[in-house]
Amino acid sequence: MLNKIRPALGRVLTPIGRGVARTGVSPNAITVIGTVGVAAGALVLFPRGEFFWGTMVITAFVLFDMLDGAVARVTGKISKFGAFLDSTMDRVADAAIFAGLMIGLYRDGQEPLAGVALYCLVSGVVVSYAKARAEGLGYTCNVGIAERAERLIVALVAAGFDGLGVPYILAVALWALAALSTVTVGQRFATVYVQAKEPPAGGRPGAGAERENGEQRTPEPRP
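For every chain, the first residue of its written sequence is number 1, and the numbers climb from 1 along that sequence. Where totals are concerned, whole chains, interfaces and linings use all residues; where local detail is concerned, this predicted model gives features only for residues with pLDDT of at least 70, and gives and counts side-chain atom pairs only at 80 or more. As a convention, hydrogens and water are excluded, and side-chain values are obtained from all of the structure's heavy atoms.

Participant: Quick one: what's the story with the packing of aromatic side chains, residue by residue and with numbers?
Facilitator: Only centres within 6.5 Å qualify two rings of Phe, Tyr or Trp (six-membered ring in Trp) as a pair; their planes then separate them into stacked at under 30 degrees, edge-to-face at over 60, and tilted for everything else. For the structure on display, the rule yields three aromatic pairs. On the numbers, 5.1 Å between centres and 75° between planes, the contact of Phe52 with Trp53 is edge-to-face. Given the relative accessible area of 22%, Phe52 is considered partly exposed. Between Phe81 and Phe84, the ring centres sit 6.3 Å apart and the planes meet at 40°, which makes this aromatic pair tilted. Here Phe81 and its partner Phe84 are both found in helix α5 (residues 80–107), three residues apart, which amounts to about one turn of the helix. For the residue pair Phe81 and Phe84, the accessibility class agrees, reading exposed in each case. Three labels apply to residues, based on accessible area from a 1.4 Å probe with only protein chains included: buried if under 20% of the type maximum, exposed if over 50%, partly exposed otherwise in between. Secondary structure elements follow DSSP: runs of H or I no shorter than four residues count as helices, runs of E no shorter than two count as strands, and numbering proceeds from the N terminus.

Participant: Could you give an account of the packing of helix α7 (residues 148–163) against helix α8 (residues 169–197), naming the residues involved and the relevant values?
Facilitator: Contact pair α7 / α8: the axes reach a minimum separation of 8 Å and the direction vectors enclose 165°. Of the possible angle classes, the one that applies to α7 and α8 is roughly antiparallel. The handedness of the crossing between α7 and α8 comes out as left-handed. Along the contact surface, α7 presents Arg151, Val154, Ala155, Ala158, Ala159, Phe161 and Asp162, while α8 presents Ile169, Leu170, Ala173, Leu177 and Ser181. Each residue is assigned to one class: nonpolar for Ala, Val, Leu, Ile, Met, Phe, Trp, Tyr, Cys and Pro, charged for Asp, Glu, Lys and Arg, and polar for all the others, Gly among them. Partitioning the contact of α7 with α8 into residue classes produces nine nonpolar, one polar and two charged. Fitted lines through C-alpha atoms give the axes, limited to the stretch in contact for helices. The angle between two N-to-C directions lies from 0 to 180 degrees. Oblique is the label for every angle not falling under 35 degrees (roughly parallel), over 145 degrees (roughly antiparallel), or within 65 to 115 degrees (roughly perpendicular). With the far helix as reference, a near helix turned anticlockwise by less than a right angle produces a left-handed crossing, and one turned clockwise produces a right-handed crossing. Only heavy atoms matter for contacts: two residues are in contact if any of them lie within 4.5 Å across the pair.

Participant: Got a sec to walk through the environment of Arg11? Specific residues and values, please.
Facilitator: Within the element layout of this structure, Arg11 appears in helix α1 (residues 6–21). Residues Arg11 and Ala70, spaced 59 residues apart in sequence, show a C-alpha to C-alpha distance of 8.9 Å.

Written out as structure tokens, the structure is:
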């Protein structure tokens with residue numbers, strides 16, 4: 001849902017990107033530094049129960065990481081590898097955040113809630129993979145009530161307030177994320193299913209892919 005504000009966000013980040021570009025740092029370096037910072041904050045501070053300071057560190061590096069696209073645009077260094085690196089590092093950062101929460105909650109004796117954090121980690125990966133796989137097969141999959149931005153905002157805001165002593169907020173947020181991520185997976189499955197059932201211009205349904213030995217594959221061009 002927050003993808004709708006990307007154009008406005010891009011206009012805000014572009015001037016900052018110009019300033020960062022003057023330092024000579026590359027977009028790919030920004031991506032890697034941002035991911036390493038997020039992972040460090042999540043896996044060092046969250047397991048120690050430092051949810052507030054962990055959130056502050058993670059938020060700072062998430063904001064820094066957002067500059068990679070702006071720097072790429074102003075320097076003309078937009079590339080397919082950069083897009084691949086950015087998407088892959090996003091998955092690493094997300095996993096680190098929820099893994100850190102899971103470890104911190106488990107050490108605090110909140111095993112059931114730690115399990116919910118683990119579920120959020122796994123379901124978040126499935127949400128992202130479903131879209132990537134669908135687009136790789138030629139379908140569109142831009143649907144979902146809880147995409148990456150929404151999941152990060154909810155998790156980090158809740159973790160930060162939990163670190164300040166607000167009761168129950170992290171538990172409510174994680175349970176809500178678990179439910180919303182499940183709904184999002186269902187939305188993406190339904191969207192792709194409908195497209196797969198539509199007959200292609202050539203005639204038979206399921207033009208995007210064929211099944212072979214239980215796996216999905218892109219059909220080979222035929223003479």
